[in-house]
Protein chains: 2
Amino acid sequence: MATSRQPGNEDTAARTLDVAERLVQLRGYNGFSYADIAAELGISKASLHYHFPGKAELGEAVIGRYASRFADALVEIDRRGAEAPAKLDAYARIYADVLTDRRMCLCGMLAADYDTLPESMRRAVIGFFDDNEAWLTGVLEQGRDEGALHLSGSASEAAQAIVSGLEGALLVARPYGDVARFQAAARRLLESVVGAAPRTGASSG
Amino acid sequence: MATSRQPGNEDTAARTLDVAERLVQLRGYNGFSYADIAAELGISKASLHYHFPGKAELGEAVIGRYASRFADALVEIDRRGAEAPAKLDAYARIYADVLTDRRMCLCGMLAADYDTLPESMRRAVIGFFDDNEAWLTGVLEQGRDEGALHLSGSASEAAQAIVSGLEGALLVARPYGDVARFQAAARRLLESVVGAAPRTGASSG
DNA sequence: GTCTATAACGAGATAGAC
DNA sequence: GTCTATCTCGTTATAGAC
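Residues numbered from 1 in each chain as written. Chains lettered and ligands numbered in written order. Predicted model: local features only at pLDDT ≥ 70, side-chain atom pairs only at ≥ 80, totals over all residues. Heavy atoms only, no water.

Colleague: Could you give me a rundown of the protein's contact with DNA strand D, with the residues and numbers involved?
Modeller: In the vicinity of DNA strand D, 16 residues are found, and the nearest of them are T12, S44, S47, Y50 and H51 of chain B. In this structure, H49 of chain A approaches DNA strand D through a side-chain N or O atom, which is 3.2 Å from a base nitrogen. Between DNA strand D and K55 of chain A there is a distance of 2.9 Å, counted from a phosphate oxygen to a side-chain nitrogen or oxygen. Of all the elements in the fold, those that place two or more residues in the surface near DNA strand D are α3 (45-51) of chain A together with α3 (45-51) of chain B. Tallied by class, the residues present in the surface near DNA strand D amount to six nonpolar, eight polar and two charged. (Near = heavy atom within 4 Å. Polar contact = N/O pair within 3.5 Å; in protein donor to acceptor, adjacent residues only side chain to side chain. Helix = DSSP H or I, 4+ residues; strand = E, 2+ residues; numbered from the N terminus. Nonpolar A, V, L, I, M, F, W, Y, C, P; charged D, E, K, R; others polar.)

Below is the structure:
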């Protein structure tokens with residue numbers, strides 16, 4: 001596709017989503033404005049409204065793309081065909097990567113902002129957690145059936161504990177600017193689900 | 001003290017803190033305004049500025065009172081002189097109570113807003129977590145020494161996992177409006193620290 | 001698809017009367 | 001301590017030219 005794309009220039013809509021996504025993760029839905037994005041991209045606020053009529057539509061698009069990318073990452077983990085403990089480790093790794101440039105998980109941040117979100121964004125946040133928990137539930141059931149891990153309680157309950165545990169570990173580690181704090185909490189969390197201690201995938205701990 | 005206090009009328013500063021605290025817990029630091037508080041109290045914005053010159057000072061006062069009340073609750077748990085597992089259960093109960101009227105923990109919410117907070121508020125948020133983890137570390141060491149629980153890893157690392165685990169459980173349970181979801185995650189979390197299953201203190205299942 | 005200009009509103013904050 | 005009035009600025013959004 002020989003479009004008019006210049007070196008390093010995605011189209012404006014995608015670059016807008018890049019900046020908006022980062023700002024939501026850093027400052028929350030009520031902590032940034034169209035002016036912030038426009039300044040960073042070097043375009044006018046009016047141009048942003050051409051691509052995303054209102055902040056609600058922008059927010060929906062940001063969540064949609066983020067959730068889609070997250071889902072792709074889960075598919076990729078499945079494709080590699082590892083055992084359940086390694087899958088859980090790879091899952092936690094996605095969260096750790098978010099933290100490396102001091103971001104919060106997008107949907108964890110939006111969970112905090114939940115009461116102030118437009119309805120369409122609320123549904124998307126809930127959907128993100130539901131999808132994650134469904135995938136984790138499958139992995140945990142796989143691991144239980146293969147004997148690779150022993151669950152206390154149901155797989156879906158354990159999945160919920162993993163999601164909320166990782167979100168909380170991000171939430172608290174971020175003010176400290178301390179990735180090791182996240183890693184320690186994540187390792188404990190997975191060890192409470194997995195029988196044997198899993199490799200953590202990161203050498204920073 | 002026969003002040004001019006009418007029935008049900010705390011002084012304005014205290015009532016302002018009540019409303020501001022609830023709004024921060026529900027909507028975040030950037031999700032409410034002086035106008036919101038003034039409308040709810042039936043006074044003018046200017047009157048609020050008399051008691052709290054700026055939003056930063058109001059925010060500091062809100063955290064200060066919250067952290068002080070939280071610290072009092074920990075002292076009260078110690079005063080009852082129970083064993084470590086019961087103390088942990090009582091600690092989790094404080095978090096569960098926050099959720100019952102759909103609030104987030106104040107400092108969990110402010111941890112999400114961290115990048116947008118004035119410096120004095122940032123220090124107070126960190127201090128809140130530090131104090132909680134210090135208290136929990138003491139309880140866990142007590143429990144280990146009494147043989148009431150067996151820790152994997154250090155007491156302070158376990159304390160950090162408990163704080164972040166409970167904060168995350170609140171964060172994720174709140175969009176679902178589901179207290180049981182918090183309770184299940186909290187129970188699993190404490191069971192991963194305490195050897196025997198502790199009583200949860202709540203009958204909600 | 002991007003711009004300038006501006007509307008319409010809300011935010012945090014101050015002055016000064018009562 | 002509380003009020004009205006006002007200021008200044010930021011935010012979301014639209015109109016219409018290029």
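Next comes the rest of the account.
Colleague: I'd like a description of the protein's contact with DNA strand C, backed by residues and values.
Modeller: Lining the immediate environment of DNA strand C, one finds 17 residues, of which T12, S44, S47, Y50 and H51 of chain A sit closest. Looking at DNA strand C alone, sugar and phosphate atoms form 61% of those within 4 Å of the protein. Separating a phosphate oxygen of DNA strand C from a side-chain N or O atom of T12 of chain A is a distance of 2.8 Å. Y50 of chain A is positioned such that a nitrogen or oxygen atom in its side chain is 2.7 Å from a phosphate oxygen of DNA strand C. Secondary-structure elements contributing two or more residues to the surface near DNA strand C are α3 of chain A together with α2 (34-41) and α3 of chain B. When residues of the surface near DNA strand C are assigned to their parent elements, the largest contribution, four residues, is made by α3 of chain A.

Colleague: Can you tell me about the side chain of E133 of chain A, naming the residues and giving the values?
Modeller: Structurally, E133 of chain A is set in helix α7 (residues 119-146). Residue classification places E133 of chain A among the buried positions, given a relative accessible area of 7%. E133 of chain A has contacts with A159, Q160 and V163 of chain A together with V172, Y176 and R181 of chain B, leaving out every residue within four places of it along the chain. (Buried < 20%, exposed > 50% of the residue type's maximum accessible area, 1.4 Å probe, protein only. Contact = heavy atoms within 4.5 Å.)

Colleague: Explain the environment of L74 of chain A to me, and be specific about the residues and the numbers.
Modeller: Residue and element names in this part refer to chain A. With respect to the helices, strands and loops of the structure, L74 is situated in helix α4 (residues 55-79). Assessed through its relative accessible area of 7%, L74 is described here as buried. Spatially, the C-alpha atom of L74 lies 8.9 Å from that of K87, the residues being 13 residues apart in sequence. Leave out the neighbours within four places in its chain, and L74 touches Y91, I94, N132 and W135.

Colleague: With reference to specific residues and values, describe the packing of aromatic side chains.
Modeller: As enumerated under the stated definition, the model contains 18 aromatic pairs over all chains in all. Aromatic pair F128 of chain B and F129 of chain B: ring centres 5.7 Å apart, planes at 70°, arrangement edge-to-face. Across the pair, F129 of chain B and F128 of chain B agree in class, each one buried. Among the aromatic side chains, those forming a connected cluster through ring pairs are Y66, F70, Y91, Y95, F128, F129 and W135 of chain A. Over the ring of F32 of chain A we find K55 of chain A, and its NZ or CZ is 4.4 Å from the ring centre. Directly above the aromatic system of Y114 of chain A lies the positively charged group of R122 of chain A, at a separation of 5.2 Å from the ring centroid. (Phe/Tyr/Trp six-rings, centres within 6.5 Å; stacked < 30°, edge-to-face > 60°. Lys NZ or Arg CZ within 6 Å of the ring centre and 35° of its normal.)

Colleague: Please set out unusual backbone geometry residue by residue, giving values where relevant.
Modeller: Backbone geometry at R102 of chain A places phi at a positive 65°, although glycine is not the residue there. For R102 of chain A, the position within the fold is in the loop between α5 (84-100) and α6 (106-112).

Colleague: Report on the confidence of the model for chain A, specifying residues and quantitative values.
Modeller: Residue and element names in this part refer to chain A. In the predicted model, chain A carries a mean pLDDT of 92, and the fraction of residues at 70 or more is 90%. Low pLDDT (under 50) marks residues 1-8, which in the prediction has zero contacts with non-local residues, meaning those over four places away or in another chain. Scored below 50 in pLDDT, residues 196-205 makes 13 contacts in the model with residues more than four places away or belonging to other chains. (pLDDT = per-residue confidence, 0-100.)

Colleague: Could you give an account of the layout of surface pockets, with specific residues and numbers?
Modeller: Roughly 510 Å³ of internal volume is contained in the largest pocket. Surrounding the largest pocket, 29 residues form its lining, R188 and S192 of chain A together with R188, L189 and S192 of chain B being those nearest its centre. At the level of secondary structure, the elements contributing two or more residues to the lining of the largest pocket comprise α8 (155-176) and α9 (179-191) of chain A together with α8 (155-176) and α9 (179-191) of chain B. Take the lining of the largest pocket: its biggest share by element is five residues, from α9 of chain B. (1 Å grid on protein atoms, 1.4 Å probe; cavity = no way out; pocket = protein on both sides within 12 Å on 5 of 7 lines; lining within 4 Å. Points joined across faces, edges and corners; volume = space filled by probe spheres on them.)

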